[in-house]
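One-letter residues, chain by chain:
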Amino acid sequence: MNDERTQLADQYLAQLRSAGRGKLKIYIGMSAGVGKTYRMLQEARQMLQQGIQVVLGLVVTHGRKETEALLEDLPILPPREVFYKGKKMTELDLNALLILHPTWVVVDELAHSNIPGSKNPKRWQDVMDLLAAGINVITAVNIQHIESINDEVHRITGIQVQERVPDDFLQKADEVVNIDLSAEDLITRLKEGKIYDPAKVETALRNFFQPEKILQLRELALKEVATQVERKVEQEVPRNAKVRHERFLACISSNEATARKIIRKTARLARYYQSKWYVLYVQTPNESLDKIPLDKQRHLINNFQLAVELGAEVLQAQAANRLNRWLVPVAIPLKAINVAVPDIGKAILEVVKEKQITTICIGKPHLSFWQIVLHTGIFNQLLRALKENEVDVVILS
């Protein structure tokens, strides 16, 4: 029996050394209380029984007795204690884990924001440091914390989730597991006091824990895991047939909300197809340096930053040599395309040809954007070029 444990442990260590980077396993759930932490602790216990080194870096049980029972005899790393605004708080002790360098570490609540002054602003960034050091990580996150579906979650729940994990972090996962539970079972667990304190149950039932909301979040979680599985298949299963390599272009304006939706939905499409994607903004005369309102400028910069975080290359078409005069911070990697403004059609066509775009994503047509395109002679040329190059146009609501 001991020989079997030693052999299994050696296999895990061999995998670790060959990969260089640590392995990442993510448990995804539709909401709190589905059993993500419980399942991680079960897996940690199984690893220990097999002779595999595992440490609990940070686990949050929320006082759930059945979860706390699984902590018994598991090696737990003491949290880092920090005083913030007069209160003693605890955080993941990243430095201690890097020094200890266990084979596997369990890190709960991936979307958590660290206390100001920590090495990294977000816990998922701590996990990135662990992986870079060759440490394998098991972690968990709720579906509502994934960046590209933030707007969809807000539509379903009415809640604007502030703590979010970028989509490209999930793409680094070696394994993504959905912890599924029916809406009826989840509500039963809530009523039994297994999720929140009894005093919070009625409020939760009136708000987040409604059957129709749970079902929609459940669908999002299932789709997310299915997408990750398909990604693994695309990467690891060889295919002989020639495949069309998708490339997406998100065309945005300075309309904050619409642009943000287009960016997030295009990011999900690009991630599904494992393809490169771009964001194009064409500056019109009404948004030149001396005319654009400061709030629009700020929102535009925020959307550029969001696109970069989600993996896009951001392109801007405007009069020459104006890019860095007003678009700050300059740390955002933007590329200027010198075309005659307001020739939006020509700008789109140039990008389609240069970047070999297969799909253009736009928002619902509105006057300020498409009135310009429809009244330019280049529009028919654009349509012909799209047809010749088999470029699709997707209108995102």
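Quick note: structure is the one above.
Reference entry: report on the structure contained in this document. From a predicted model like this one, the values you see are computed outputs, not experimental measurements.

1. A word on the nonpolar core
So, point 1. I28 and F169 are the most contacted members of the largest nonpolar core, which totals 63 residues.
So, point 2. Sort the elements by how many residues they give to this core and helix α10 (residues 211-236) lands first, with five residues.
So, point 3. Not counting chain neighbours up to four residues away, the residues in contact with I28 comprise K36, V141, I143, I146, L170, V176, V177, N178, I179, A221, E224 and V225.
So, point 4. If you look at the next biggest cluster of nonpolar residues, it comprises 20 residues, including F248, I263, W277 and Y281.

2. Some details on the packing of helix α11 (residues 256-273) against helix α12 (residues 294-309)
So, point 1. Relative to each other, α11 and α12 sit at 5°, their axes nearing to 10 Å. As the angle between them shows, α11 and α12 are arranged roughly parallel. For the pair α11 and α12, contact is made by E256, A259, R260, I263 and R264 and by H299, N303, L306 and A307, respectively.
So, point 2. In terms of residue class, the contact of α11 with α12 is made up of four nonpolar, two polar and three charged.

3. Details of the side chain of E43
So, point 1. Position of E43 relative to the elements: it lies in helix α2 (residues 36-49).
So, point 2. For E43, a relative accessible area of 9% translates into the label buried.
So, point 3. Engagement of the side chain of E43 in a polar contact is seen with the side chain of Y27, the distance being 2.5 Å.
So, point 4. For E43, the residues in contact, after removing those within four places along its chain, are K25, Y27 and I138.

4. Comments concerning the pattern of salt bridges
So, point 1. Applying the stated criterion to the full structure yields 22 salt bridges.
So, point 2. Between D180 and R218 there is a salt bridge, with its nearest N and O atoms 2.8 Å apart. One end of the pair, D180, is in the loop between β7 (175-179) and α8 (183-191); the other, R218, is in helix α10, and 38 residues separate them in sequence.
So, point 3. Look at D180 and you get partly exposed, because its relative accessible area is 35%.
So, point 4. The exposure class assigned to R218 is partly exposed, which follows from its relative accessible area of 23%.

5. Considering the pairing of strand β6 (residues 136-142)
So, point 1. A large share of β6 lies buried, amounting to seven of its seven residues.
So, point 2. Here β6 shows a buried face lined by N136, I138, A140 and N142 and a second buried face lined by V137, T139 and V141.
So, point 3. Taken together, the six bridges between strand β1 (residues 24-29) and β6 define a ladder with parallel strand orientation. Within β6, the residue paired with I28 across the bridge is V141.
So, point 4. Judged from the four bridges that link them, strand β5 (residues 104-107) and β6 form a sheet pairing that is parallel. For V105, the partnering residue across the bridge sits in β6 and is V137.
So, point 5. For the handedness criterion, the β-α-β arrangement of β5, helix α5 (residues 123-132) and β6 is classed as right-handed.

Rules and cut-offs
- Residue positions within a chain follow its written sequence, with the count starting from 1.
- Thresholds applied to this predicted model are a pLDDT of at least 70 for local features of residues and 80 or more for the giving and counting of side-chain atom pairs; totals over whole chains, interfaces and linings are not thresholded and use all residues.
- Hydrogens and water are ignored here; the side-chain numbers use all heavy atoms of the structure.
- Each nonpolar core is a collection of buried residues, namely Ala, Val, Leu, Ile, Met, Phe, Trp, Tyr and Cys, held together in the definition by side-chain atoms within 4.5 Å.
- Whether a residue is buried, partly exposed or exposed follows from its accessible area with a 1.4 Å probe, protein chains only, as a fraction of its type maximum: under 20%, in between, or over 50%, in that order.
- Every helix listed is a DSSP run of H or I at least four residues long, and every strand listed is a run of E at least two residues long, numbered separately from the N terminus.
- Contacts are residue-level and defined by heavy atoms, with any inter-residue pair within 4.5 Å sufficient.
- Angles run from 0 to 180 degrees between N-to-C directions of axes, and those axes are lines fitted to C-alpha atoms, restricted for helices to the stretch in contact.
- What sets the label is the angle itself: under 35 degrees gives roughly parallel, over 145 gives roughly antiparallel, 65 to 115 gives roughly perpendicular, and the rest give oblique.
- Here the nonpolar group is Ala, Val, Leu, Ile, Met, Phe, Trp, Tyr, Cys and Pro; Asp, Glu, Lys and Arg are the charged ones; every other residue, Gly included, is treated as polar.
- Throughout this description, a polar contact denotes any pair of N or O atoms lying within 3.5 Å of each other; where both atoms belong to protein, one of them has to be capable of donating a hydrogen while the other can accept it, and for residues adjacent in sequence the pair is counted only when both atoms sit in side chains.
- The salt bridge criterion pairs a side-chain nitrogen of Lys or Arg with a carboxyl oxygen of Asp or Glu, the two atoms within 4 Å.
- Strand pairing is assigned whenever DSSP detects at least two bridges linking the two strands.
- Look down the strands so they point away from you; if going from the first strand over the helix to the second traces a clockwise path, that crossover is right-handed.

The quantities given are spatial measurements derived from coordinates; they are silent on function.
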